[in-house]
Amino acid sequence: VRRFWRNGGDSALIGYGFLSGPNQYKQLDDLCNSHAVDYASIDMGDGNRQAEILEACRQYGFTPMKGSSRESNMPLIFRESSVNELTGRNGGEESTRFLEVATGRVKELLYENYAGKGKERFWIAADTPEEYCIQVTSEKFNHDSELWELRDGCKDNHLLDCEVNLYAAATHQGYMVKVGE
């Protein structure tokens, strides 16, 4: 997901797409260079490709990110962390720094903004494909289980995850006031 940010938190969706294959990180780097992007992040996902993603982040200067349910330990919507802190191990590549994102808090803020009730404005053009709109609104909060869950009929929340990380990254870069400060 590519989004233009301006100080104060206003942003506009520029575009989105999916990268895959053996050259996906080079494709992302080329895309960033051709659009004068000064900050890019990659979600470390479920950990199955953690070493590969951390290496790509080191090679291309991307910021690794990871969603977290350990939100009670975070005074803000993100915190700088390390793989050691996440795994309980010490040393080596495991000391790599990343942004740990309080995904539930960010989803609450995003949904407020989508509804026009938040402090920031998230512009999504009228001609944005339906797939994007469905995915960024693909989850709902279950008050009984206190978890975010996919809405009935939704199969993918990948673009919502991207927007969650973008929101945290924009806050980290100083485009928005940090929640909790």
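In case you missed it, the structure is sitting above this.
Criteria and thresholds
- Residues numbered from 1 in each chain as written.
- Predicted model: local features only at pLDDT ≥ 70, side-chain atom pairs only at ≥ 80, totals over all residues.
- Heavy atoms only, no water.
- Helix = DSSP H or I, 4+ residues; strand = E, 2+ residues; numbered from the N terminus.
- Buried < 20%, exposed > 50% of the residue type's maximum accessible area, 1.4 Å probe, protein only.
- Contact = heavy atoms within 4.5 Å.
- Areas by Shrake-Rupley, 256 points an atom, 1.4 Å probe, with all protein chains shown as cover.
- Core = buried A, V, L, I, M, F, W, Y, C linked by side-chain atoms within 4.5 Å.
- Salt bridge = Lys/Arg side-chain N within 4 Å of Asp/Glu carboxyl O.

1. A few points about the overall build of the protein
Next up, step 1: The number of helices and strands found in the protein is six helices and nine strands.
Next up, step 2: Counting over 181 residues, the protein shows a buried share of 40%.
Next up, step 3: Within the protein, counting contacts between residues at least 6 apart in sequence, those at least 24 apart form 56% of the total.
Next up, step 4: For the protein, the exposed surface amounts to about 10300 Å²; the carbon and sulfur share of it is 48%.

2. Quick notes on the nonpolar core
Next up, step 1: Within the largest apolar cluster, 15 residues are counted, with the highest numbers of intra-cluster contacts made by M65, I77, V101, V106, L110, V164 and Y167.
Next up, step 2: Those elements giving two or more residues to this core turn out to be β6 (97–102), α4 (103–114) and α6 (158–172).
Next up, step 3: Listed in part, the 12 residues of the second largest apolar core include L28, M44, I53 and A56.

3. Examining the pattern of salt bridges
Oppositely charged side chains are able to pair whenever their charged atoms sit close together.
Next up, step 1: For the structure shown, the criterion picks out four salt bridges.
Next up, step 2: Two residues, E52 and R49, come together in a salt bridge whose shortest N-O distance is 2.9 Å.
Next up, step 3: Here E52 falls in the partly exposed class, since its relative accessible area comes to 37%.

Everything listed here is a matter of geometry and, on its own, says nothing about what the molecule does.
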